[in-house]
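The primary structure of each chain is shown beneath.
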Amino acid sequence: MRQYRQSEPVDFVIVGTGAGGGTLACRLAEHGFSVVAMDAGPYFRPLEDFASDESEQTKLYWTDDRIVDGANPLQMGGNNSGKAVGGSTVHFAMVSLRFRPEWFKSRSLLGYGADWPLDWREMWRYYSEVEDALKIAGPITYPWGPHRPRYPYRAHELNAAARALADGCEALGIQWTETPIATLSAPRGLAHPCVYRGFCTSGCSTNAKQSALVTWIPRAIAAGAEIRDLAMVGRIEADNSNLATGVHYHRDGQWRFQRARNVVVAGYAIETPRLLLNSATDRFPAGLANSSGLVGKNLMVQSNQAVWGTMEREVRSYKGPPSLAITEHWNYEDKGKDFFGGYCYMSQGPLPQLWANTLLSARGLWGPHLISEMENYNHVVGLKIVGEMLPQEANRVTLADETDQYGLRIPRITYSWCDNDRRLIDHSLAFMTEALEAVDATDIWRQNDDTCHLNGTARMGNDPLTSVVNADCRSWDIRNLWICDGSVFPTVGGVNPSLTIQAIACRTADRIKTMARRGEL
Amino acid sequence: MRRSNGVTATQIALGLAALAASSSLLDKRSLARARKYRTGEPKQAKAVYDNRILGGKLDVPATVTAAKRLNRAAGMLALSVLADSGVEHYRGSFKNKAMFTPLIVSAATLGVSVHGTADRRKAAHIMRDTTYLLAATTGLIGTCFHFYNVAKKAGGFSWQNLFYGAPLGAPMAILLSGLIGFCSERVRETPRGITPSIFDLPAGRAMAALTSVGLLGTAGEAGLLHFRGAFHNPFMLLPVTLPPLGAALLARTAAAGPGRRHPFVRWWMRLLVTMGLAGVGFHAYGVSRNMGGWRNWSQNVLNGPPLPAPPSFAGLALAGLAALGLMRDHPDA
Ligand SMILES: Cc1cc2nc3c(=O)[nH]c(=O)nc-3n(C[C@H](O)[C@H](O)[C@H](O)COP(=O)(O)OP(=O)(O)OC[C@H]3O[C@@H](n4cnc5c(N)ncnc54)[C@H](O)[C@@H]3O)c2cc1C
Ligand code: SF4
């Protein structure tokens, strides 16, 4: 791996190596820029470092102190943030979905949220680029939305949990399909195909899972990028000429400074605004890139409610990647809804510890009740949504007075659902209950409170007054400061975000290349 | 740092060269044999000539030679089915007792085929005949079973179920083995001087046509499963290109009428025999690409590409060769 001196300014220093930062590091390096990408977490080698053990693998999560409040405080940690080279994609569930085209203009076309400054047709091309890079295994034809090219790899075999989703959809007369996912259904290079052990959200020890760690970062390194792990960036330095000059980071027990001609923040929707706010100077007292006052605002998670039941036959839902079948019916069907936005739902496959935790936290089971319910584990079947939540300025990340192990102020995360969020959740729970009843599941119960994914807090837009960055992820205030991760989403849609984050990163890299050629950097 | 072991153009070229070389080696051996018989002989009807030579040497008429070759082809197919259904149905835990059937039947078919290959007599054998018919029937019933298995799943005849449900084409292999064996008996019992025929069709060309259809079907099956593997290795294209060409060549042979020699088609069939046998090697490599490789054989043999499947191409190509041989030795067939 190539290494750069701290004193020599690199073209780009990137903070965070997840879906946004890892992808961007790769594409920028491939375009010939010098790149140092830092991550607060370690650089794991899955074949050697990952154990088939849920507890051990909590080492992948971002579990630093954070304060949560609001009417619906978020549960932070494993379910929504990673701390490792590769970011949250190291333990993500690999579901790789495209946005519904109308969502890029949801304000003008659908009457809610905010418009994106991006055109869906251009995004369609970048989605294809990412799908090919990750060798997504997906269905031959996708039932919803405009035509997309065939997925590079074929869909995986459905497990019994996915079959239950399929049967339910057929009974209710809606379409379903195999979930496009980022794990190999055939060998690729030295990587083995998926072995269906279902450890995906604890990190995949076979390298079948395609992620920033496995797919983009090796490419980035081959193209000359440096990955600096265990490097926590505490502050971005900005000078008096409205330019960023580099980053202060903590590594090997001391603070250091890396000079850079451009700084990219890609720490995900909590750490990105936190870093920008923590980097306040006399010139930018409200934090960097924050002339709109929107940094930290419009945080959006996605609703992640579930309906669970018990089947007479064995299901063993944990065999294979957790979400092998999906229906996006309620993302594309607008009739019969009393809410804005959409949701998809997928089959589920929780590992035993997660399942015991769910039974404890959602149903309060403990002791003999928990034990007897765990005996049903092999018969459990579940459906879970990824639902759109609306952007609200009151849902936000601010700085608390407390500090963390580096002496940095920790984030306070405020979250409350709005009525629309609640209506969407109610609709989904009723519908999924019907779907489980249709396959003769018994003991059906609802998990009412769960969320996933983090987006917003540095939204992109066409107007410096109402957005933090432009369509190229470039901040309006400091022209060599960029934000390229889930934070830039103006809305979240009803699908998992990583494919869109990566597509945006690929687009941003291409735009930077074009602008560099024109001398516009 | 970028780790890739993508198959290079050189590797592909080497592989193809090896295939071509070994198949022409096969071809040379038989050409040499033919040349040995032919030296100094005036041009005359091949059948008469062969009969004389072979008759003098072994007293085996051309029909029996052809029948033996067909037995060998049927045996090769049966062996492939025995191993393949053994592995696959074991993987399916023999959930349904009927899943033992193809094992028993293909083992019996293999047995009678070995018997037939060694048998120089001119008469059909009742055991062989019955077994071959039984094999053909099993193939038909098995096909129905597999269709039913796929149809009853959510999504019906969707790609998902075609990829991962019971393979629709697999039982056809035992059907073909049975048919080839049955034809072999008809050829064998043809009296000297009479053109061997099957259901009133000239036997050589009828077999060529049947083999042609078999090759197409088998290529279809390989195509489906290699598509499932996204043709991730370029060699996976071989069984979907070479056999259909072979099928076309055989079909043309069947249509071409009597009295011709088809050296190129014979060469192509040998290429297919080589490909079918080499396929086991390729699939063995495929097994090694799974987690744990061959160290974890007990899982990966079930999980990876089926080792016994490719030889069914070899079996069919042998049948094609037998048909071509019969046409050469018996210009009217
Ligand atoms: C359990 C789980 C399952 C998921 N499943 C799916 C799924 O199936 N499909 C899907 O599309 N999405 C899924 N996601 C979401 C997806 O992983 C994230 O949306 C995506 O990875 C976010 O990309 P990002 O680049 O914004 O942030 P991340 O990928 O989280 O990367 C941020 C990185 O920045 C680093 N970082 C942050 N701050 C600093 C700092 N100050 N200094 C140095 N480094 C820093 C972090 O350590 C981290 O590695 C899942 C997430 C989780 C947690
Ligand atoms: S099920 Fe597949 S993707 Fe998931 S951890 Fe296992 S090998 Fe990796």
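Model, not experiment: these values are computed from the prediction.

Participant: I tried to follow empty space enclosed by the protein on my own but got confused; where do I start?
Facilitator: Think of a ball as big as a water molecule: rolled over the atoms, this probe shows where empty space is left. Residues and elements named next belong to chain A. For the structure shown, the criterion picks out four cavities of 30 Å³ or more. In this structure, the largest cavity occupies an estimated 130 Å³ of space. Around the largest cavity, the lining comprises 16 residues; the ones closest to its centre are Arg 197, Gly 198, Phe 199, Cys 204 and Thr 206. Each pocket or cavity is described by its volume, and for the second largest cavity that value is around 50 Å³. Lining the second largest cavity we find Pro 46, Phe 50, Thr 89, Val 90, Cys 204, Asn 207, Lys 209, Ser 211, Leu 213 and Val 214.

Participant: Looking at this structure, how should I read the interface of chain B and chain A?
Facilitator: Interfaces are often sized by the accessible area lost when the parts come together. Contact with chain B, which involves 22 residues of that partner, is made by 33 residues of chain A. Of the roughly 2,300 Å² buried between chain B and chain A, counting both surfaces, carbon and sulfur atoms make up 60%. Along the contact surface separating chain B from chain A lie zero salt bridges. Counting across the chain B and chain A interface gives eight residue pairs in polar contact (both at pLDDT 80 or more). Considering each element in turn, the side of chain B that touches chain A owes the most residues, five residues, to helix α6 (residues 159–164) of chain B. Grouping the amino acids of the side of chain B that touches chain A by side-chain chemistry returns eight nonpolar, nine polar and five charged.

Participant: Sorry, what's going on with the site of ligand 2 here?
Facilitator: Residues and elements named next belong to chain A. The immediate surroundings of ligand 2 are formed by Met 94, Thr 183, Cys 194, Val 195, Tyr 196, Arg 197, Gly 198, Phe 199, Cys 200, Cys 204, Thr 206 and Pro 321. With respect to the pocket detection grid, ligand 2 is positioned in the largest cavity. Here the residues of the shell around ligand 2 are counted per class, giving eight nonpolar, three polar and one charged.

Participant: How do you make sense of the pairing of strand β15 (residues 380–387) of chain A when you look at a structure like this?
Facilitator: Consecutive side chains along a regular strand alternate between the two faces of the sheet. All names here are of chain A. In terms of burial, β15 is a largely internal element, eight of the eight residues being buried. By the alternation rule, side chains of β15 split into Val 380, Gly 382, Lys 384 and Val 386 and Val 381, Leu 383, Ile 385 and Gly 387, which are all buried. One ladder, built from five bridges, connects strand β12 (residues 306–310) with β15; its direction is antiparallel. Among the inter-strand pairings, Gly 309 is bridged to a residue of β15, identified as Val 381. Taken together, the five bridges between strand β14 (residues 343–347) and β15 define a ladder with antiparallel strand orientation. Bridging across to β15, Met 346 finds its partner in Lys 384.

Participant: Where do I start with the packing of helix α3 (residues 62–91) of chain B against helix α4 (residues 101–118) of chain B in this structure?
Facilitator: If you want to describe how two helices pack, look at the angle between their axes and the distance between the axes. Residue and element names in this part refer to chain B. Put simply, α3 and α4 touch, their axes get as near as 8 Å, and they point 155° apart. For the element pair α3 / α4, the angle class is roughly antiparallel. α3 and α4 meet at a crossing whose hand is left-handed. Touching Lys 68, Asn 71, Arg 72, Ala 74, Gly 75, Ala 78, Leu 79, Val 81, Leu 82, Ser 85, Gly 86 and His 89 of α3 are Pro 102, Leu 103, Ser 106, Ala 107, Thr 109, Leu 110, Ser 113, Gly 116 and Thr 117, all from α4. Tallied by class, residues from the contact of α3 with α4 come to nine nonpolar, ten polar and two charged.

Participant: Looking at this model, I keep getting lost on unusual backbone geometry. Mind explaining?
Facilitator: A negative phi angle is the norm for most residues apart from glycine, just as the trans form is the norm for most peptide bonds. Notably, Leu 230 of chain A is not glycine yet its phi reads approximately 50°, a positive angle. Locating Leu 230 of chain A in the fold gives a position in the loop between β7 (226–228) and β8 (232–238). Although it is not a glycine, Phe 94 of chain B adopts a positive phi angle of roughly 45°. With respect to the element layout, Phe 94 of chain B can be found in the loop between α3 and α4. For Phe 94 of chain B, a relative accessible area of 16% puts it in the buried group.

Participant: Teacher, can you tell me more about the sheet that holds strand β17 (residues 409–414) of chain A here?
Facilitator: Strands belonging to one sheet form pairs held by backbone hydrogen bonds; the direction of such a pair is parallel or antiparallel. All names here are of chain A. Read from one edge of the open sheet, three strands run β3-β17-β16, paired in mixed fashion. The open sheet has two edge strands, β3 (67–69) and β16 (396–403), and neither has a second partner. Sheet twist, expressed as the mean angle between neighbouring strand axes with direction ignored, is 30°. Of the strands in this sheet, β16 and β17 are in contact with helix α7 (residues 268–278), which crosses β16 at around 65°.

Participant: Whenever I open this one, the site of ligand 1 confuses me. Can you help?
Facilitator: Residue and element names in this part refer to chain A. Close to ligand 1 lie 38 residues, the nearest being Asp 39, Ser 88, Val 95, Tyr 268 and Ser 498. In this structure, Ala 19 approaches ligand 1 through a main-chain N or O atom, which is 3.2 Å from an oxygen atom. The set of elements that each furnish at least two residues to the shell around ligand 1 consists of α1 (19–30), β8, α7 and α12 (498–517).

Participant: What is the right way to read the pattern of salt bridges from this model?
Facilitator: All names here are of chain A. Using the criterion set out here, one finds 37 salt bridges over all chains in the structure. Linking Glu 30 and Arg 219 is a salt bridge whose minimum nitrogen-to-oxygen distance equals 2.9 Å. Residue Glu 30 is located in helix α1, and its partner Arg 219 is located in helix α6 (residues 212–222); the two are separated by 189 residues in the primary sequence. Take Glu 30: its relative accessible area is 31%, and that puts it in the partly exposed class. For the salt bridge of Asp 419 with Arg 422, the shortest nitrogen-to-oxygen distance reads 3.2 Å. Placement of the pair is Asp 419 and Arg 422 together in helix α11 (residues 419–438), with a separation of three residues, close to one helical turn.

Participant: Explain the nonpolar core here, please?
Facilitator: Nonpolar side chains in soluble globular proteins generally cluster together in the buried interior. Counting residues in each nonpolar core, the largest one holds 154 residues, and the members touching the most others are Ile 236 and Tyr 345 of chain A. Among the elements that take part in this core, α12 of chain A stands out by supplying nine residues, more than any other. Filtering out sequence-adjacent residues up to four positions away, Tyr 345 of chain A remains in contact with Leu 165, Cys 169, Ile 174, Ala 325, Ile 326, Thr 327, Leu 383, Lys 384, Ile 385, Phe 431, Met 432 and Ala 435 of chain A. Core analysis: the second largest hydrophobic core is formed by 51 residues, Cys 183, Val 187, Leu 316 and Leu 318 of chain B among them.

Reading guide: rules and limits
Once a new chain begins, its residue numbering starts again from 1 and follows that chain's sequence as written. Chain letters start at A and ligand numbers start at 1, both assigned in the order the entries are written. Given that the model is predicted, a residue must reach a pLDDT of at least 70 before its local features are reported, and side-chain atom pairs must reach 80 or more before they are shown or counted; all residues, however, enter totals for whole chains, interfaces and linings. Hydrogens are left out, water is left out, and the side-chain values use all remaining heavy atoms of the structure. Grid points spaced at 1 Å and placed over the protein atoms alone form the basis of the search, with a cavity being a set where a 1.4 Å probe fits but cannot get out and a pocket an open set showing protein on both sides within 12 Å along at least five of seven lines. Lining residues have an atom within 4 Å of a point. Grid points are joined across faces, edges and corners, and a volume is the space filled by probe spheres set on the points. The contact rule is simple, with two residues in contact once any of their heavy atoms fall within 4.5 Å. Accessible area that two parts lose when put together, evaluated with a 1.4 Å probe and summed over both, is termed the buried area. For this document, the term salt bridge refers to a Lys or Arg side-chain nitrogen within 4 Å of an Asp or Glu carboxyl oxygen. Polar contacts, as used here, are pairs of N or O atoms within 3.5 Å; protein pairs need one atom able to donate a hydrogen and one able to accept it. Residues neighboring in sequence count only if both atoms are side-chain atoms. Going along the chain from the N terminus, every DSSP run of H or I of four or more residues is numbered as a helix, and every run of E of two or more is numbered as a strand. Side-chain classes are defined by residue name, with Ala, Val, Leu, Ile, Met, Phe, Trp, Tyr, Cys and Pro counting as nonpolar, Asp, Glu, Lys and Arg as charged, and the others, Gly among them, as polar. Throughout, near means a residue has at least one heavy atom within 4 Å of the molecule or strand. For a cavity or pocket, the test is whether more than half of a molecule's atoms lie within 2 Å of its grid points; if they do, the molecule sits there. Think of it in three bands: residues with accessible area under 20% of the maximum for their type are buried, residues over 50% are exposed, and the middle band is partly exposed, with areas taken using a 1.4 Å probe on protein chains only. Strands are treated as partners if at least two bridges between them are detected by DSSP. For helices, the fitted axis covers only the stretch in contact; all axes are lines through C-alpha atoms, and the angles between them, taken along N-to-C directions, range from 0 to 180 degrees. Here is the rule for angles: anything less than 35 degrees is roughly parallel, anything more than 145 is roughly antiparallel, 65 through 115 is roughly perpendicular, and the remaining ranges are oblique. Crossing handedness is defined as follows: a turn of the near helix away from the far one that is anticlockwise and smaller than a right angle gives a left-handed crossing, while the clockwise case is right-handed. The definition of a nonpolar core used throughout is a set of buried Ala, Val, Leu, Ile, Met, Phe, Trp, Tyr and Cys residues joined through side-chain atoms within 4.5 Å.

Function-wise, these values are silent; they only describe arrangement.
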